[in-house]
Amino acid sequence: MYQKKILIPVILFILIMPLSTQSNADSPEGTWNCYLVTVGPGDPLYIWFGHTGLILEYTANSKARFYDFGNFSFKSDHFYRNFAMGRLIYSSVGVSARAYLNYIANENRDVTIQALNLSQRAIADMAQYLEWKVSPGNNTYLYHHYLDNCSTRIRDLIDTATGGQLKEATMMSAGTSFRESFRRYSSHSWWADWLLSFLQGRTIDRDITVWDTMFLPDELMIQVGKLTIETENGTEALVRNTEYRVKAEGREAVPDTAPSNIKMALVYGLISGICLLLLQAGALSRKNGPGNTCRILLTLFLTVFSVTGGLTFFISLFTNHQVASENLNLMVIHPFYLVLIFLFPKRNNPRRIKILVRFWQIQALLFIGMILINLLPGFHQGNERTVFLFLPLLLLQLAGLPLITRNRTTSKGQSSGLLNRAISLKPGRADRGEP
């Protein structure tokens with residue numbers, strides 16, 4: 001009985017072995033293909049900067065997988081808390097290339113596919129590494145906006161596959177900074193562009209190399225398209241051919257350089273300054289109806305300033321958002337604007353009015369200090385729009401508030417003096433001969 005149990009598997013193995021050998025002999029040996037996929041900007045803010053990934057195809061089994069490193073979920077555990085504290089946890093995935101291309105084609109975004117001229121060994125090693133990176137336990141990483149994102153990781157893989165030739169060819173100065181690079185993709189929306197730039201400190205204003213600019217998928221596509229590499233056959237282009245799979249309709253082209261938008265900053269600063277001055281004047285009014293309305297609107301206005309300042313203070317000083325550190329903008333927008341809300345009682349108070357004027361004088365000194373610090377060597381921050389946004393606003397407060405508060409104080413003083421004079425001239429009982 002024991003011999004039968006051993007004999008049966010042996011016989012089956014002998015019968016199957018020739019069939020298996022015959023099958024492998026007849027099947028052609030597969031080859032690897034590698035494609036860089038670049039996806040243009042989309043509608044939500046978090047995809048304004050585009051996306052990138054790699055398709056690895058093995059011809060023997062017609063298997064093609066799309067790999068990328070730009071995935072996160074709003075539904076993941078503690079996502080919002082981690083995001084607020086600067087712990088941006090992203091993941092890598094590998095999915096069907098056909099399914100992904102069909103999906104992305106419906107988002108009206110440019111899709112460009114570049115066939116890369118890489119050796120079979122390099123692509124096979126890349127496939128093995130990527131399969132390991134998308135496996136559970138290895139598929140997450142701590143995201144950095146400029147140094148470690150979906151594009152830089154693909155850049156590094158291509159550089160490794162070319163033996164370091166991509167990095168070697170792109171280590172020259174790009175003549176730009178991280179701030180000016182990302183602003184090319186956000187400048188179409190003035191307030192969003194300003195806020196994104198306002199929240200980030202001077203650490204993103206250093207000069208960067210062409211290698212660094214490839215944190216943007218489009219830049220990675222451009223530099224890969226320019227590169228020639230040394231191969232077994234001599235010097236060849238890294239990109240064999242380029243396919244423009246989808247061309248988005250109705251989207252504005254990304255500018256080559258970010259516009260300054262300083263004129264709009266002056267306009268918005270002037271409008272904000274006038275509104276703020278009028279609201280403060282109305283809040284000092286002795287008429288209950290208009291005064292109460294202005295106090296409510298002024299409270300909302302100052303709350304926006306304070307919340308924005310509080311957010312900037314928090315992420316700059318108490319989180320792991322490295323790009324928000326060393327932010328000079330903290331000197332002009334801060335949470336202390338809430339103090340002004342308590343300076344507008346129903347009736348004029350000369351002491352509080354004096355504090356109001358002094359507050360804006362101190363704010364003007366902080367503004368000048370910010371500009372002076374920005375002029376020091378090594379302290380430059382690209383916050384020109386913030387400067388020109390606050391310049392007219394502060395000038396209006398410095399020039400207009402003393403006039404408004406002087407009129408309020410003077411009229412009140414005159415009324416009190418007339419009242420006292422009337423009381424002193426009123427005849428008493430003794431003047432009328434009364435006992």
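Residues numbered from 1 in each chain as written. Predicted model: local features only at pLDDT ≥ 70, side-chain atom pairs only at ≥ 80, totals over all residues. Heavy atoms only, no water.

Chemist: Just to check I follow, could you spell out the nonpolar core for this structure?
Modeler: For soluble globular proteins, the rule of thumb is that nonpolar side chains tend to be buried together. Core analysis: the largest hydrophobic core is formed by 38 residues, its most contacted members being Tyr337, Leu340, Trp360 and Phe390. Those elements giving two or more residues to this core turn out to be α8 (190–198), α11 (262–283), α12 (288–317), α14 (350–375) and α15 (384–425). Sorting elements by how many residues they give to this core places α15 first, with 7 residues. (Core = buried A, V, L, I, M, F, W, Y, C linked by side-chain atoms within 4.5 Å. Buried < 20%, exposed > 50% of the residue type's maximum accessible area, 1.4 Å probe, protein only. Helix = DSSP H or I, 4+ residues; strand = E, 2+ residues; numbered from the N terminus.)

Chemist: Can you walk me through the packing of helix α5 (residues 150–161) against helix α10 (residues 217–226) in this structure?
Modeler: Axes are the key here: two packed helices are described by the angle between their axes and the distance separating the axes. One way to put it is that α5 packs onto α10 with a least axis distance of 9 Å and a crossing angle of 20 degrees. As judged from the angle between their axes, α5 and α10 are roughly parallel. Considering only the axes of α5 and α10, their crossing is right-handed. Here Ser151, Ile154, Arg155 and Ile158 of α5 lie close against α10, whose contacting residues are Pro217, Leu220 and Val224. Here the residues of the contact of α5 with α10 are counted per class, giving 5 nonpolar, 1 polar and 1 charged. (Axes fitted to C-alpha atoms, helices over the stretch in contact; angles between N-to-C directions. Parallel < 35°, antiparallel > 145°, perpendicular 65-115°, else oblique. Left-handed = near helix turned anticlockwise from the far one by under 90°. Contact = heavy atoms within 4.5 Å. Nonpolar A, V, L, I, M, F, W, Y, C, P; charged D, E, K, R; others polar.)

Chemist: Any chance you could explain the layout of surface pockets here in plain terms?
Modeler: Unfilled space is identified by rolling a water-sized probe across the atoms. Space inside the second largest pocket adds up to approximately 720 Å³. If you trace the second largest pocket, you find 29 residues lining it, with Pro41, Asp110, Glu252, Ala253 and Val254 closest to the centre. Counting only elements with at least two residues in the lining of the second largest pocket, the list comes to β1 (32–39), β5 (111–116), α7 (178–186), α10 and β11 (239–246). (1 Å grid on protein atoms, 1.4 Å probe; cavity = no way out; pocket = protein on both sides within 12 Å on 5 of 7 lines; lining within 4 Å. Points joined across faces, edges and corners; volume = space filled by probe spheres on them.)

Chemist: What is the right way to look at a nonpolar patch on the surface in this model?
Modeler: A cluster of nonpolar side chains, namely Leu266, Leu391, Leu395 and Leu398, defines an oily patch on the protein surface of about 290 Å² accessible area. Considering each element in turn, the nonpolar patch owes the most residues, 3 residues, to α15. Here Leu391 shows up in helix α15. (Patch = residues over 30% accessible without salt bridge, like charges linked within 9 Å, V, L, I, M, F, W, Y side chains within 5 Å. Areas by Shrake-Rupley, 256 points an atom, 1.4 Å probe, with all protein chains shown as cover. Salt bridge = Lys/Arg side-chain N within 4 Å of Asp/Glu carboxyl O.)

Chemist: What exactly am I supposed to notice about the sheet that holds β5 here?
Modeler: Across a sheet, paired strands are connected by hydrogen bonds in the backbone, their directions being either parallel or antiparallel. Taken in spatial order, the 7 strands make up an open sheet running β6-β4-β3-β2-β1-β5-β11, and their pairing is antiparallel. With one partner strand each, in any of the chains shown, β6 (140–142) and β11 form the two edges of the open sheet. Going from strand to strand, the sheet's axes swing by 25 degrees on average, the running direction of each strand aside. Pairing analysis gives 6 bridges linking β5 to β11, with the strands arranged antiparallel. When the sheet's bridge partners are listed, Val111 is paired in β11 with Val246. Sheet strands touched by helix α3 (residues 97–104): β1, β2 (51–58), β3 (63–71), β4 (89–96), β5 and β11. Its angle to β4, the strand with the most contacts, is close to 110 degrees. Across the sheet, helix α4 (residues 120–133) lies against β1, β2, β3 and β4, angled at about 60 degrees from β1, the strand it touches most. (Pairing = 2+ DSSP bridges.)

Chemist: How should the confidence of the model for the chain be read in this particular structure?
Modeler: Caution applies to low-pLDDT regions: their predicted coordinates should not be interpreted in detail. Of all residues in the chain, 86% attain a pLDDT of 70 or more, and the chain-wide mean is 86. Residue range residues 1–27 is modelled with pLDDT below 50. Its contacts to residues more than four positions away, or to other chains, number 0 contacts. (pLDDT = per-residue confidence, 0-100.)

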